[in-house]
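# Working through the structure, step by step
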Amino acid sequence: MDLSQDEWMEKYKKVKNHIILDVRTSEEFNEARIPKSILLDFSSPIDFVKGLEPMDKEKVYLVYCRSGNRSSSACAVMTSMGFNKTFNLVGGILEWKGLIQKK
């Protein structure tokens, strides 16, 4: 499900035990990221799916990328795998209003 920056921030603040999933490349992740996010590079589909396999499908996943396109696709893949609580950050980290962790 696509969420606006404000809606995503609400989930970020209110939902306990969520997982923040960054689906950008490792280079992008190392430059700047949302604190406590986990990297799972969507540009490597086999590794992306393998990385998801051990994850708890009942948890809430807050998913982001640079602009919201890759994360939208990542959420679709996750949904097809049985993850029912995936939330895409529309506008990605480019429009993120919260904290940013840099190198």
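Moving on: the overall build of the chain. Scanning the chain from N- to C-terminus turns up four helices and seven strands. On C-alpha atoms alone, the chain measures out to a radius of gyration of 12 Å, which is about the 13 Å that the 2.2 N^0.38 rule sets for 103 residues. Across its three principal axes, the chain shows a C-alpha extent of roughly 30 × 30 × 20 Å. Buried positions account for 43% of the 103 residues belonging to the chain. For the chain, contacts bridging at least 24 residues in sequence account for 66% of all contacts bridging at least 6. For the chain, the computed accessible surface area is about 5,800 Å², with 53% contributed by carbon and sulfur atoms.

Take unusual backbone geometry next. Positive phi values are uncommon outside glycine, yet Asn17 reaches one of about 65 degrees. Inspection of the secondary structure puts Asn17 in the loop between α1 (5-14) and β2 (19-22). When its relative accessible area of 56% is taken as the criterion, Asn17 is described as exposed. If you check the backbone angles, Lys36 has positive phi at about 70 degrees while not being a glycine. Relative to the helices and strands, Lys36 is located in the loop between β3 (32-33) and β4 (37-39).

If you trace the five strands from one edge of the open sheet to the other, you get β1-β6-β5-β2-β4, paired in parallel fashion. Strands with a single pairing partner mark the edges of an open sheet, and in this sheet they are β1 (2-3) and β4. As paired elements, strand β5 (residues 61-64) and strand β6 (residues 86-89) share three bridges and run parallel to each other. Counterpart to Leu62 in the pairing with β6 is Phe87. Across the sheet, helix α4 (residues 69-80) touches β1, β2, β5 and β6, and the angle it forms with β6 is around 170 degrees.

This part takes up the pattern of salt bridges. If you walk through the whole model with that rule in mind, you get four salt bridges. Notably, a salt bridge pairs Lys14 with Glu10, separated by 3.3 Å at the nearest N-O pair. Placement of the pair is Lys14 and Glu10 together in helix α1, with a separation of four residues, close to one helical turn. Among the residues examined, Lys14 registers a relative accessible area of 63% and is labelled exposed. Its relative accessible area of 39% is what places Glu10 among the partly exposed residues. Its salt-bridge partner being Asp22, residue Arg24 comes within 2.7 Å of it at the nearest N-O pair.

Attention now moves to α4. Here α4 contains twelve residues, and its C-alpha end-to-end distance of 17 Å stays within 8% of the 16 Å for a straight helix at 1.5 Å per residue. The inward-facing, buried residues of α4 abut β2, α3 (45-52), β5 and β6.

Thresholds, definitions, all that
Residues numbered from 1 in each chain as written. Predicted model: local features only at pLDDT ≥ 70, side-chain atom pairs only at ≥ 80, totals over all residues. Heavy atoms only, no water. Helix = DSSP H or I, 4+ residues; strand = E, 2+ residues; numbered from the N terminus. Rg over C-alpha atoms; globule rule 2.2 N^0.38 Å. Buried < 20%, exposed > 50% of the residue type's maximum accessible area, 1.4 Å probe, protein only. Contact = heavy atoms within 4.5 Å. Areas by Shrake-Rupley, 256 points an atom, 1.4 Å probe, with all protein chains shown as cover. Pairing = 2+ DSSP bridges. Axes fitted to C-alpha atoms, helices over the stretch in contact; angles between N-to-C directions. Salt bridge = Lys/Arg side-chain N within 4 Å of Asp/Glu carboxyl O. Expected span 1.5 Å × (residues − 1).

Take it as geometry only, folks, not as evidence of what the structure does.
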